[in-house]
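# An overview of the molecular structure
Listed here are the chains, written in short residue letters.
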2 protein chains.
Amino acid sequence: MNKKPQILKTETIASSRFFEIESVDLRFSNGVDAHWERLISRGHGAVLIVAIDADDNLLLVREYGVGVERYELAFPKGKMEAGEDPAQAALREMKEETGYGSRDIRLMQTVSLAPGYFNHHTHLMLARDLYPEKLAGDEPEPLELVRWPITDVDALLARDDFTEARSMAALFLALRL
Amino acid sequence: MNKKPQILKTETIASSRFFEIESVDLRFSNGVDAHWERLISRGHGAVLIVAIDADDNLLLVREYGVGVERYELAFPKGKMEAGEDPAQAALREMKEETGYGSRDIRLMQTVSLAPGYFNHHTHLMLARDLYPEKLAGDEPEPLELVRWPITDVDALLARDDFTEARSMAALFLALRL
């Protein structure tokens, strides 16, 4: 197993309100140098919640994603706020985006998006034993809530607007439990 | 179902060799305006390959990810080059990273990473009927090839260095096929 490369220098080469791009000079244990870039996500990570209601429906939301310029069907998700643990952040996001809370919420896995160039991580949560409670969110328009029978996963995977790798990983992890 | 928001203005606010950050002014169909940012990935997308050998082992590679500053175990992957289709790019990446080609390579799904702020997409491929063939890659150090029995997926998911959402989604999709 290779020894970790040494990070010789990091430098912020561009930044904006949400993102920061760093250049990184590395030396690998074999003596080879590399000059790479990476994205630094400002914040405390994110949560994504697979919430399952009493009738075995998945609670999905339809939300506009300006990265791909289309509406995407996905599990509710959002950024963690300072001081929140994953379960607290997940409960808040659920209430904001679906109008439900949960008495049984737990961490399934923590995933990375692109470990080669991005430090971002998302906690994938499973929520059951739901109860109605709405919190106001900061969305520019109300999200559409879509109840999807957990028995009909094939049809969900066949859709061209259910594309997010995190949502797909979370779906399969929930099905195993 | 909501009508798509109108994109009023986009502007590059920061850029580097690999990334570009854009600001986007949007007007939602309810009249609410939003000012967001998004990442533009330069290039042609990426491929990730679940290759399964004749003994039902998954071919994984251990590679240093400077985004998370650790070695990660993941399926071989890489950027598509200009003019390549997903199968051609996958075959090249397999040969570079694992030393194997495939006579049976197909697309399982195309996934997004973060549709809310990133235009990136990755084609998840399944490769079988392997044969040895090595192409030189551009890695600063040789990648370690790890053969993982497909019957031992639980142990793979329990590892703390198998975290990539794309790899996890691809694993589950391959298991269904």
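Residues numbered from 1 in each chain as written. Chains lettered and ligands numbered in written order. Predicted model: local features only at pLDDT ≥ 70, side-chain atom pairs only at ≥ 80, totals over all residues. Heavy atoms only, no water.

Along the backbone of chain A there are 3 helices and 10 strands. Secondary structure elements of chain A occur, N-terminal to C-terminal, as β-β-β-β-β-β-β-α-β-β-β-α-α. C-alpha extents for chain A along the principal axes are approximately 60 × 35 × 30 Å. The 177 residues of chain A split such that 55% are buried. (Helix = DSSP H or I, 4+ residues; strand = E, 2+ residues; numbered from the N terminus. Buried < 20%, exposed > 50% of the residue type's maximum accessible area, 1.4 Å probe, protein only.)

All right, on to the sheet that holds strand S3 (residues 33-41) of chain A then. Residue and element names in this part refer to chain A. In spatial order, the strands read S1-S2-S3; together these 3 strands make up an open sheet with antiparallel pairing. The open sheet terminates on both sides in strands that have one partner only, identified here as strand S1 (6-15) and S3. Taking each pair of neighbouring strands and ignoring which way they run, the sheet shows an average axis angle of 25°. The pairing of strand S2 (residues 19-27) with S3 spans 9 bridges and is antiparallel. (Pairing = 2+ DSSP bridges. Axes fitted to C-alpha atoms, helices over the stretch in contact; angles between N-to-C directions.)

It is worth spelling out the environment of A:Ala51 at this point. Residue and element names in this part refer to chain A. Turning to its location among the elements, Ala51 is positioned in strand S4 (residues 46-51). For the pair Ala51 and Gly116, spaced 65 residues apart in sequence, the C-alpha separation works out to 30 Å. Leaving out residues up to four positions away in the same chain, Ala51 has contacts with Asn57, Leu58, Leu59, Met94, Ala127 and Leu130. (Contact = heavy atoms within 4.5 Å.)

This next bit is on the domain arrangement of chain A. Residue and element names in this part refer to chain A. Split by domain assignment, chain A resolves into domain 1 (6-41) and domain 2 (46-176). In this assembly, 6 residues from domain 1 lie in contact with 5 residues from domain 2. Taken together, the two surfaces of domain 1 and domain 2 that pack against each other cover about 470 Å², and 56% of this comes from carbon and sulfur. On the domain 1 side of the interface with domain 2, the three residues burying the most area are Phe18, Leu39 and Ser41, jointly 69% of the side's total. Inspection of the region where domain 1 meets domain 2 yields 0 salt bridges. Inspection of the region where domain 1 meets domain 2 yields 3 residue pairs in polar contact (both at pLDDT 80 or more). (Domains from an automatic or database assignment. Buried area = accessible area lost by both parts, 1.4 Å probe. Salt bridge = Lys/Arg side-chain N within 4 Å of Asp/Glu carboxyl O. Polar contact = N/O pair within 3.5 Å; in protein donor to acceptor, adjacent residues only side chain to side chain.)

This next bit is on the interface of chain A and chain B. In this complex, chain A contributes 63 residues to the contact, which on the side of chain B involves 63 residues. Counting the surface lost from both chain A and chain B, the interface buries some 6,000 Å², and carbon and sulfur atoms represent 63% of this. The largest contributions to the chain A side of the interface with chain B come from A:Val66, A:Pro115 and A:Pro140, which together make up 11% of the buried area. Counting every contact that joins chain A to chain B gives 4 salt bridges. Close ionic contact of B:Glu69 with A:Arg38 constitutes a salt bridge, the shortest N to O distance being 2.8 Å.

With that out of the way, let us pick up the nonpolar core. With 50 residues, the main nonpolar core has A:Val50 and B:Val50 as its most contacted residues. Not counting chain neighbours up to four residues away, the residues in contact with A:Val50 comprise A:Leu58, A:Phe75, A:Met108, A:Met125, A:Leu126, A:Ala127, A:Ala170, A:Leu171 and A:Ala174. A:Leu113, A:Phe118, B:Leu39 and B:Phe118 belong to the second-largest nonpolar core, a separate cluster that totals 16 residues. (Core = buried A, V, L, I, M, F, W, Y, C linked by side-chain atoms within 4.5 Å.)

Turning our eyes to something else, we now look at the pattern of salt bridges. Residue and element names in this part refer to chain A. Counted according to the given criterion, the structure contains 36 salt bridges over all chains. The shortest N-O distance in the salt bridge between Arg92 and Glu81 comes to 3.8 Å. Note that Arg92 is positioned in helix H1 (residues 86-97) and Glu81 in the loop between strand S7 (77-79) and H1, a separation of 11 residues in sequence. Judged by its relative accessible area of 12%, Arg92 is buried. Overall, the relative accessible area of 44% leaves Glu81 in the partly exposed class.

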